[in-house]
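Breakdown of the fold
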Amino acid sequence: MKPKEIDREQLKAIIDRHRGKTWALIPLLQEIQETIGYIPPESIETVAEALNLFPSQVQGVITFYAGFSLEPKGKYVVRVCRGTACHVKGGRSILRLMRKELGLDEGETDPEYRFTLETVACLGACFLAPTMMVNRNYYGKLNPNKVTSVLAQYRKKKGES
Amino acid sequence: MEDITLTINGKNISCPSGTSILEAAKQKGIKIPTLCYHPDLEPFGACRLCLVEDEKTGRLMASCVTPVAPNMTILTDSPTIKTHRTNIIRLMLANHPESCIVCSQGNRCELRQIAADLGVGETDLYPMPHYTGLEAANPFIVRDLSKCILCGKCIRADHELVVAGAIDYNLRGFKSRPATLYDMPLERSVCTFCGTCLSMCPTGALSLKNEQYVGSPQNESKTICGFCGVGCSIVMGSVDGRVVEVNPSHEQETVNGSTLCVRGHFAHDFLNTKDRLTQPMMSHNGELTPVSWDEALDIAAKQLVDIKKKYGPQSVAFIGSSKCTNEENYLFQKIARVLFETNNVDNGGYMSGRAVLNRVEKRMDGGYRINPLSNIDKAEAIVLLGADPGHSVPVMSYYVKRASRKGTPLIVVDPKKTEMVPFSSVWLNLIPQSDSQLINGLAAMLWKKNSFDAAFIDRFTEGFDVYCEGLKGLNIETVCRDTGLTMGAMEKTADLLAGKKIAFVCGNGILKQRYGIHSMNALLNLLLMTGSPGSERGGLYIPARENNQVGAWDMGAVPDALPGRRDLGIESERKDWERAWQAKISPDRGLDVIRMIEEAEKGSLKALYIMGENPLRSLPRPERVRKSLERLDFLVVQDILLSETCKIANVVLPGAAFCEKAGSFTNMEGKIQPFEPVVAPLGEAKADWEILDLLAGKMGSTQHYGSLEKVKTEIARFIPMYRDLDGHEGPGWVGNKGDRRLFNPDGEGTLIPFTPVVSIEHKDINDEYPFTAILGSQRFHLGSGTRTGQSDRIRDYGVKGEIELSLEDGARLNVQDGDSVRVESEHGFIEREIKLEKGLSEGFIFIPVAFNANDAMNLIGLTRLGGPDSPGWQGCQVKIMKL
Ligand code: SF4
Ligand code: SF4
Ligand code: SF4
Ligand code: FES
Ligand code: FES
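Nothing here was measured: the structure is a model prediction, and the numbers come from that model.

**Concerning the overall build of chain B**
- When you go through chain B residue by residue, the secondary structure sums to 28 helices and 37 strands.
- For a compact globule of 883 residues, the expected C-alpha radius of gyration is about 29 Å, and chain B comes in at 29 Å, within 12% of that figure.
- Based on the C-alpha atoms only, the size of chain B along its principal axes is roughly 85 × 70 × 65 Å.
- Going through the 883 residues of chain B one by one, you find that 63% of them count as buried.
- In the form shown here, chain B has an accessible surface area of approximately 33700 Å², with 50% of it arising from carbon and sulfur atoms.
- Computed over 99 positive and 110 negative side-chain charges, the separation of the two mean positions in chain B equals 0 Å.

**Brief notes about the interface of chain B and chain A**
- Taken together, the contacts link 19 residues of chain B with 16 residues of chain A.
- In total, about 1300 Å² of surface goes out of reach between chain B and chain A, with carbon and sulfur atoms giving 50% of it.
- By the criterion of area lost to chain A, the three top residues of chain B are Arg 172, Leu 181 and Tyr 182 of chain B, representing 42% of everything that side buries.
- Here chain B is connected to chain A by 0 salt bridges.
- Applying the counting rule to chain B against chain A returns 7 residue pairs in polar contact (both at pLDDT 80 or more).
- Elements supplying a minimum of two residues to the side of chain B that touches chain A: strand 8 (167-170) and strand 9 (177-180) of chain B.
- Residues belonging to the side of chain B that touches chain A are distributed by class as follows: 11 nonpolar, 4 polar and 4 charged.

**Here's the deal with the sheet that holds strand 20 (residues 426-428) of chain B**
Residues and elements named next belong to chain B.
- Here 5 strands make up an open sheet; going across it, the order is 20-19-18-22-23 and the pairing parallel. In this open sheet, the two strands that pair with only one neighbour each are strand 20 and strand 23 (539-541). The mean inter-strand angle of the sheet, taken between neighbouring strand axes irrespective of direction, is 15°.
- Pairing of strand 18 (residues 381-385) with strand 22 (residues 502-506), which is carried by 5 bridges, proceeds in the parallel orientation. Counterpart to Leu 384 in the pairing with strand 22 is Val 505.
- Helix 16 (residues 487-497) contacts strand 18, strand 19 (410-413), strand 20 and strand 22 of the sheet and is inclined by roughly 125° relative to strand 20.

**Some thoughts on the domain arrangement of chain B**
Residues and elements named next belong to chain B.
- Structurally, chain B comprises domain 1 (3-77), domain 2 (103-272), domain 3 (281-352 + 547-739), domain 4 (380-537) and domain 5 (771-882).
- Using only C-alpha atoms to locate each centre, domain 2 and domain 5 end up separated by 33 Å.
- Facing the 20 residues of domain 2 at the interface are 14 residues of domain 5.
- Taken over both partners, the interface formed by domain 2 and domain 5 buries close to 1500 Å², and the fraction arising from carbon and sulfur atoms is 62%.
- Linking domain 2 to domain 5 there are 1 salt bridge.
- For Arg 793, the salt bridge is made with Asp 269, and the minimal N-O distance between the two is 4.0 Å.
- Sort the elements by how many residues they give to the side of domain 2 that touches domain 5 and helix 6 (residues 262-266) lands first, with 3 residues.
- Its residues assigned to classes, the side of domain 2 that touches domain 5 comprises 11 nonpolar, 5 polar and 4 charged.

**Looking at the pattern of salt bridges**
- Under the counting rule described, the total for this entry stands at 66 salt bridges over all chains.
- In this structure, Lys 416 of chain B and Glu 804 of chain B form a salt bridge, with 3.5 Å as the shortest nitrogen-oxygen distance. Placement of Lys 416 of chain B in the loop between strand 19 and strand 20 and of Glu 804 of chain B in strand 33 (residues 803-806) is noted, with a sequence separation of 388 residues between them.
- With relative accessibility at 13%, the residue Lys 416 of chain B sits in the buried group.
- Lys 501 of chain B is the partner of Asp 453 of chain B in a salt bridge, and the nearest nitrogen-oxygen pair spans 3.0 Å. Of this pair, Asp 453 of chain B sits in the loop between helix 12 (435-448) and helix 13 (454-460) while Lys 501 of chain B sits in the loop between helix 16 and strand 22, and the two are 48 residues apart along the sequence.
- When its relative accessible area of 19% is taken as the criterion, Asp 453 of chain B is described as buried.
- Members of the salt-bridge network, linked through shared partners, are Arg 82, Arg 99, Asp 105 and Glu 106 of chain A.

**Considerations on the site of ligand 2**
- Around ligand 2 lies a shell formed by Ile 141, Asp 158, Val 162, Ala 164, Ala 166, Ile 167, Cys 191, Thr 192, Phe 193, Cys 194, Gly 195 and Cys 197 of chain B.
- The residue inventory of the shell around ligand 2, partitioned by class, reads 9 nonpolar, 2 polar and 1 charged.

**Quick notes on unusual backbone geometry**
All names here are of chain A.
- With omega at -10°, the peptide bond leading from Ala 129 into Pro 130 counts as cis.
- Of note, Pro 130 is situated in the loop between strand 2 (115-120) and strand 3 (132-134).
- In this model, Asn 52 sits at a positive phi of 65°, which is unusual for a non-glycine residue.
- Note on placement: Asn 52 falls in the loop between helix 3 (44-51) and helix 4 (55-64).
- On the basis of relative accessible area, Asn 52 is assigned to the partly exposed category, the value being 44%.

**Here's the deal with the site of ligand 3**
Residues and elements named next belong to chain B.
- Neighbouring residues of ligand 3: Cys 225, Phe 227, Cys 228, Val 230, Gly 231, Cys 232, Leu 260, Cys 261, Arg 263, Gly 264, Pro 394 and Val 395.
- The set of elements that each furnish at least two residues to the shell around ligand 3 consists of helix 6 and helix 11 (394-406).
- Of the residues that constitute the shell around ligand 3, the class distribution is 9 nonpolar, 2 polar and 1 charged.

**Structural notes on the side chain of Asn 548 of chain B**
- Relative to the helices and strands, Asn 548 of chain B resides in the loop between strand 23 and helix 19 (549-554).
- In this structure Asn 548 of chain B comes out as buried when scored by relative accessible area, which is 0%.

**So, helix 15 (residues 476-483) of chain B**
Residue and element names in this part refer to chain B.
- Where helix 15 is concerned, the buried positions are Ile 476, Val 479, Cys 480 and Thr 483. For helix 15, the arc enclosing every buried residue in end-on projection is 100°, short of the 170-degree limit, so these residues lie on one face. Exposed residues lying more than 90 degrees from the buried face of helix 15 are Glu 477 and Arg 481.
- Next to the buried residues of helix 15 lie helix 12 and helix 16.
- N-cap assignment for helix 15: the residue whose side-chain oxygen lies 2.8 Å from the backbone N of Glu 477 is Asn 475.
- At the C-terminal side of helix 15, Gly 484 shows a positive phi close to 75°.

**Here we look at the confidence of the model for chain A**
- For chain A, per-residue confidence averages 88 on the pLDDT scale, and 95% of positions sit at 70 or higher.
- For chain A, helix 7 (residues 144-160) of chain A is the element with the lowest average pLDDT, namely 82, and helix 3 of chain A is the one with the highest, namely 93.

**Some remarks on the sheet that holds strand 5 (residues 73-75) of chain B**
All names here are of chain B.
- If you trace the 5 strands from one edge of the open sheet to the other, you get 2-1-5-3-4, paired in mixed fashion. Each edge of the open sheet is held by one strand with a lone partner, namely strand 2 (11-16) and strand 4 (60-62). Across the sheet, the mean angle from the axis of one strand to that of its neighbour is 40°, orientation sign disregarded.
- Bridge count for strand 1 (residues 3-8) against strand 5 is 2 bridges, and the pairing is parallel. Among the inter-strand pairings, Thr 7 is bridged to a residue of strand 5, identified as Thr 73.

**Some thoughts on the pairing of strand 34 (residues 820-824) of chain B**
All names here are of chain B.
- For strand 34 and strand 35 (residues 829-837), the ladder comprises 5 bridges, and the chain directions are antiparallel. Bridging from a neighbouring strand, Val 821 pairs with Arg 832 of strand 35.
- As defined by bridge partners, strand 34 adjoins strand 37 (residues 875-882) across 4 bridges and the pair is classed as antiparallel. Note that in strand 37 the partner of Arg 822 across the bridge is Met 881.

**Overview of the pairing of strand 13 (residues 242-248) of chain B**
Residue and element names in this part refer to chain B.
- Within strand 13, 6 of the 7 residues are buried, which leaves the element mostly enclosed by the surrounding structure.
- Where strand 12 (residues 233-239) meets strand 13, 6 bridges bridge the pair, whose relative direction is antiparallel. Of the residues in strand 13, the one forming a bridge with Ser 238 is Val 243.
- With antiparallel pairing between neighbouring strands as the criterion, strand 12 and strand 13 make up a hairpin whose turn holds 2 residues, including Asp 240 at a positive phi of roughly 50°.

Parameters at a glance
- Residues numbered from 1 in each chain as written.
- Chains lettered and ligands numbered in written order.
- Predicted model: local features only at pLDDT ≥ 70, side-chain atom pairs only at ≥ 80, totals over all residues.
- Heavy atoms only, no water.
- Helix = DSSP H or I, 4+ residues; strand = E, 2+ residues; numbered from the N terminus.
- Rg over C-alpha atoms; globule rule 2.2 N^0.38 Å.
- Buried < 20%, exposed > 50% of the residue type's maximum accessible area, 1.4 Å probe, protein only.
- Areas by Shrake-Rupley, 256 points an atom, 1.4 Å probe, with all protein chains shown as cover.
- Lys, Arg positive; Asp, Glu negative; His and termini not counted.
- Charge placed at Lys NZ, Arg CZ, Asp CG, Glu CD.
- Contact = heavy atoms within 4.5 Å.
- Buried area = accessible area lost by both parts, 1.4 Å probe.
- Salt bridge = Lys/Arg side-chain N within 4 Å of Asp/Glu carboxyl O.
- Polar contact = N/O pair within 3.5 Å; in protein donor to acceptor, adjacent residues only side chain to side chain.
- Nonpolar A, V, L, I, M, F, W, Y, C, P; charged D, E, K, R; others polar.
- Pairing = 2+ DSSP bridges.
- Axes fitted to C-alpha atoms, helices over the stretch in contact; angles between N-to-C directions.
- Domains from an automatic or database assignment.
- Near = heavy atom within 4 Å.
- Arc of directions from axis to C-beta.
- pLDDT = per-residue confidence, 0-100.

Below is the structure:
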């Protein structure tokens, strides 16, 4: 897989804006995560230097929060719930369908960085089981049809942009 | 603040508010088990083992993080507590591999001890150990993180004490582990292998890599590290008379607290090398062959005495040791002065820039030269001048980094981007040798801001007005040009320093450079002007490379001063010692190390007695030194290792390493630290003071000491700075006890002179040798590497002392990391691999010393450091060729 192209200038600008503000580590990381889609590992040292922290500390914070990722992810991150309630309501087959539709295994991203497939322990919306999320949007009471139509919607979006 | 009263296990306790329950209990001798608590670290509250119960409320709390509150009734051992504690331990053990039997931590594992105390055997829980690979590629520390209980001590030690930042938690929950950046092995991280984390780990997760011995040592005893001048307090563990491990002594009030550096922690394995000397030897037809002590001492004494009789006192010289004890250096110079009537006595401290330090001694009349390292913490600003303490005196660098993390402004003056630069507020990467211009420039800028300590200047100094005239005449733009620095950087520095008391740390970059004397004069002027000496918030710090560099000088192992740093040239000072020794002392200044080599070369020096130094490795131009020493009629070398110098000696006397004898060292803070032997000398070797005592007898001395105590008593009697050396309350500090200390808060003294501002025109550009080489040390080796080079661990680590080159020059010369080059100066050449470094400016290369038998010494000239014609030993002009 070819490495994801990232906008170095943009990354640098984000880091520079937080320079010297040791307390701003989390907002800084959030901004990188949101703008770039992940936190490029090679930026850890630059971030640490700007904030006067040790690189190992910055890495510790990144790996502590599930919201941060050191690997590039797709534009759309699909998280299928694997919790008990969803399991009972057929979450497994949703996951299976998703794998087939996207052609990805859990944790994988397609070469064009469009989709990433992940699973989570519980999305906290058990009353809607089976559930999944795409980026920040929840989708509940899933069935195969609904899954394909949700996906189609995102695929289309991609086409537009 | 009000004291708080509470009861713990029924005992009434009162303690200041803010004390934790754990500490309060400890003061009363009540023991609470802990795993993540350490008195030197910030409380963390991770393991929950220190749970206690408040009887009134039934509340459970972690005692290490809970402060005392009024009227608490604490129980530390109630049945509830016991149940909880047992459960915690069971959970930890369930998560732990079942390899206690083979674990090197053995009986010292705190987890196992606590489990045993609580009677936890089988955990009855489903075991779910978390297997991670064993990491043991480096020769120092083995990491088996499956045994990690996440107490966080290693991480806190790494961040709070040594401020390295090599490790931090990685990942969450079950997978969480202390990890390096990118989860690399330690050797591929910024870890310095100080081993501080290793000594703190309560389990076998971090353990000492020891090829020769596995398990706990039979004996443990305290001593002082014998490598650098920090003088760390250590505990050495031994088995069958061999030292197998070293840990910080973990006592209060030591210079190092819970920290050490890679040398102190690991390089002691040189003690067991096969090159240790175990019996006296004499040279027969160029071969060293073992002889008896009697024979060796008889010959040594007779030859030296005969040569003196035949050629006079000037024909014999003595090199004492900045690594030997105070007592030994005292006896050594006494032999020279009393029995041989010569002041031809010096020590390895010469190589650490004594000529420049002599300026401090003379100008300040012996005052202000030493400060406790703990004062770094109180400094208002810190300036590192040509000093890279992370490599030379690592424990000092921890002080500096801690201060910087706390917010103390740190200015790094160094042509190289040292490890201290990331901690600095400003990095002044000046052109080498332009330090005096920079210092004068800064002084002028401060003066313009009206930033000087008028009260101090008025009371303790003279000549400020003349100095100010000089400052007035300085053009800062010229200073910028000479130093290669920008006006912005200069201004920022002056702003940071204005109105502050400053701690100046002055390293080899000044002490061994061409204009060292000028730079030191400029520095002392700035020091005085800011009123920094005499205040705990500032002062002068000289990193001492060798463990007893300060003491050897104090004891008079120098050609121009008598013990107690008394000036040989002053008659009354001589008279004092003549009375003490009941002998006549020659008023003639003796030869220093370099002059000894020169005189031997000319044939006028006939005999040399060297104790614990290896000039064939530590001096420039080793071949010239060898030829010169080979011309001697007689050479005695007393050492612990079969050094290069031993190999050309007529008589070799086996001495004892620091941990094999008793005595005292004086560290760079001026703290006199006595110690007792940990193990016995190897084979027939003897403590050096004993050898000297025996030898003096054979040379005709009527005074036989017979015990170290007697030597100490004599020193204490005649050297006021050391008056408590034989006392029982601990000998204390040189600085506080000296009768010549100029400044005391209400004291008077001779006024300290300012010196005029001197501008230096420095031209070094030479077309034939276009590069400027900077020589410097690396933390893995001490001095010339005679001892550390014999450490298997240090050797196995495989640092090769690559020559560092800037990226630009690398591109121009078409070389890459790992390529070999030939570096040539007008004196000689060396060949080594190179490493491209971002932190170097074009035109500069950095050459680590002590590698390859210290071959870097081939590049510089054998000149007298600090002499008017000496280009210094800190660097030279070179050309580079790709091989
Ligand atoms: S490695 Fe040792 S010191 Fe570090 S967290 Fe684990 S158990 Fe504690
Ligand atoms: S050995 Fe020293 S530098 Fe390395 S991780 Fe441990 S504490 Fe940090
Ligand atoms: S070499 Fe120096 S800093 Fe390192 S442990 Fe020994 S005395 Fe301490
Ligand atoms: S189990 Fe799926 S949302 Fe809770
Ligand atoms: S010692 Fe108190 S929580 Fe670990």
